[in-house]
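Chain by chain, the residues:
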Amino acid sequence: MHDSADAHWMRLAIAQAHAAAQAGEVPVGAVVVRHGEVIATGRNAPVQGHDPTAHAEILALRAAAQQLGNYRLQDCTLYVTLEPCAMCSGAMLHARVARVVFGAPDLKTGVAGSVLNLFAQPQLNHHTQVQGGVLAEECAALLADFFRARRRQQRAQALAQHPLRDDALRTPDARFAALPAGAYPWTAHYVSDLPALAGLRLHYLDEGPRQPTPPALTWLCLHGSSAWSYVYRHWLPLLIAAGHRVVVPDLIGFGKSDKPKKERFHTLAWHQQLLGDLVERLDLQQVVLALHGNAALVAAQLPIALPGRFVAACDAQGLLAALPPLSGLQEAAGNAPYPDKGSRAALRAFAQL
C-alpha cells in the first residue's frame, strides 16, 4: 500500500505524461514537490524540442531550479511515471534531490534498480532515497497504450505506402512475433515500385556498409522454395562482422513479401526480372550470389543480364545444412509466413518448375 500523498503527486505526474502523449511524445511526466507544494512540472519533449536531454525529469529539475534560484534541490521530492534513466538519475544526484518516487519500472534503461541501481553506489557523495512502484500499473498502461497506438499508425502508414493488391495476400505481422528471441533482429526494407512488381510489396534485408571497402564484397543471399530469408539468420552476423554488405530478399510469394493468390504469377522469367530490378535499384556491385536450394533456377540469368556486377557464386545449401538442426520453435518460424493454403501458391508453383 502506497502513501496517499505519493499517489496524489504521482497522479499529477501522470497528467503530465498524458500531455506528452497528446504532443506525440513518449508519455512520461514528472513533478517536483517541496514542502507539500508543486514547484515544477515536466513532460517528455525530445522530439518536439529536438533535444535528446529533454526528458520529463530534466525539464522538471530545470524548472524547479529556476523557481528556487538554486540548482541544489535538497529538500525536494521528484515524482516521475517511469523509472529514470542514467542521464536523469545523474542530474537528480547532482541536484541533491532528497527523494525520487517513480511509477513503472523500465527494464531496458532504468537505473533505479532494474538495469542497475545508480542511487545505491556507495562511492557517490550524495544518496537520494528512492521508492518505485507507485501507481505502477496505471503508469505502465499509459506507455503500453501509446506504443500500441503508434504501431497501429505505423502499420496504417506502411499499408498506405505499399497498398495490398486485390489479387495478393500479405502475412500479418503477428505471425512473425513468435520468432525465437534475437534470431531475426534486422530492419525490414520494402519496395513496391520496381517495374516488374506492378505494385506488389517485396521485403528484403540490407545490412552492412552500402559501399564495402575491398576486399569486402556484397552478398546477395537467395533462399530456395522451401525457405525464406530467415534461413540466412546464422550467416548474416558473420558476413556483417567481416565488413561485407548483405542483401537477403524474400522472393514474391515467400517470407514477408506479398503473396499472389494464383500460381500462374510465378514464372522463372518474372522472378528473374524482379531480382534484376532489385539489383539495379540497390546498385549492387562486386556481388557474390549465395544460393540455397533451388534458388539457382531464379538466379541463373542474373550475371548474364547484368554483366560486370557479379564476381562469384556459392552453394549455400551445404553450408546451411551444417548448422545445428532446427528446433520445434524454429520449424514453426519457417512456416510463419504461410498462415493458410492461399498463401502457399508460390510453394506449389516452384515445386512444378
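Please refer to the structure placed before this passage.
A word on the overall build of the chain. Regarding its fold elements, the chain presents 12 helices and 13 strands. In summary, the chain has a C-alpha radius of gyration of 27 Å against a globular reference of 20 Å for 353 residues, an excess of more than 25%. Along the longest, intermediate and shortest principal axes, the C-alpha atoms of the chain span 80 × 45 × 40 Å. Taking all 353 residues of the chain together, the buried fraction comes to 46%. For the chain, the share of sequence-separated contacts (at least 6 apart) that also reach a separation of at least 24 residues comes to 68%. Just so you have it, the chain exposes about 17,200 Å², and 55% of that area is on carbon and sulfur atoms. Within the chain, one finds 30 positive and 27 negative side-chain charges whose respective centroids are separated by 3 Å.

Okay, the nonpolar core next. Leu 220 and Tyr 232 are the most contacted members of the largest nonpolar core, which totals 57 residues. Every element with two or more residues in this core is listed here: strand S8 (202–207), strand S9 (218–222), helix H6 (235–241), strand S10 (245–249), helix H7 (268–282), strand S12 (287–291), helix H8 (296–299) and helix H12 (345–350). Among the elements that take part in this core, H7 stands out by supplying six residues, more than any other. With 41 residues, the next largest nonpolar core counts Ala 40, Ile 58, Val 97 and Leu 135 among its residues.

Looking now at the packing of aromatic side chains. Counted according to the given criterion, the structure contains 10 aromatic pairs. Judged by centre distance (6.0 Å) and plane angle (40°), the ring pair of Tyr 184 and Tyr 230 falls under tilted. You can see Tyr 184 sitting in the loop between strand S6 (168–169) and strand S7 (189–191) and its partner Tyr 230 sitting in the loop between S9 and H6, a full 46 residues away along the chain. For the pair shown, Tyr 184 and Tyr 230 are each scored as buried. Both rings, one in Phe 265 and one in Trp 270, keep their centres 6.2 Å apart while their planes meet at 50°; by these two values the pair is tilted.

Turning our attention to unusual backbone geometry. Cis geometry is found at the peptide bond from Pro 214 to Pro 215, where omega equals 10°. With respect to the helices and strands, the residue Pro 215 is situated in the loop between S8 and S9. Even without being glycine, Arg 96 reaches a positive phi, approximately 60°. Relative to the helices and strands, Arg 96 resides in the loop between helix H4 (86–94) and strand S4 (99–104). The phi angle at Asp 283 is positive, at roughly 50°, despite the residue not being glycine. If you trace the backbone, Asp 283 turns up in the loop between H7 and S12. Judged by its relative accessible area of 43%, Asp 283 is partly exposed.

What counts and what doesn't
Residues numbered from 1 in each chain as written. Predicted model: local features only at pLDDT ≥ 70, side-chain atom pairs only at ≥ 80, totals over all residues. Heavy atoms only, no water. Helix = DSSP H or I, 4+ residues; strand = E, 2+ residues; numbered from the N terminus. Rg over C-alpha atoms; globule rule 2.2 N^0.38 Å. Buried < 20%, exposed > 50% of the residue type's maximum accessible area, 1.4 Å probe, protein only. Contact = heavy atoms within 4.5 Å. Areas by Shrake-Rupley, 256 points an atom, 1.4 Å probe, with all protein chains shown as cover. Lys, Arg positive; Asp, Glu negative; His and termini not counted. Charge placed at Lys NZ, Arg CZ, Asp CG, Glu CD. Core = buried A, V, L, I, M, F, W, Y, C linked by side-chain atoms within 4.5 Å. Phe/Tyr/Trp six-rings, centres within 6.5 Å; stacked < 30°, edge-to-face > 60°.

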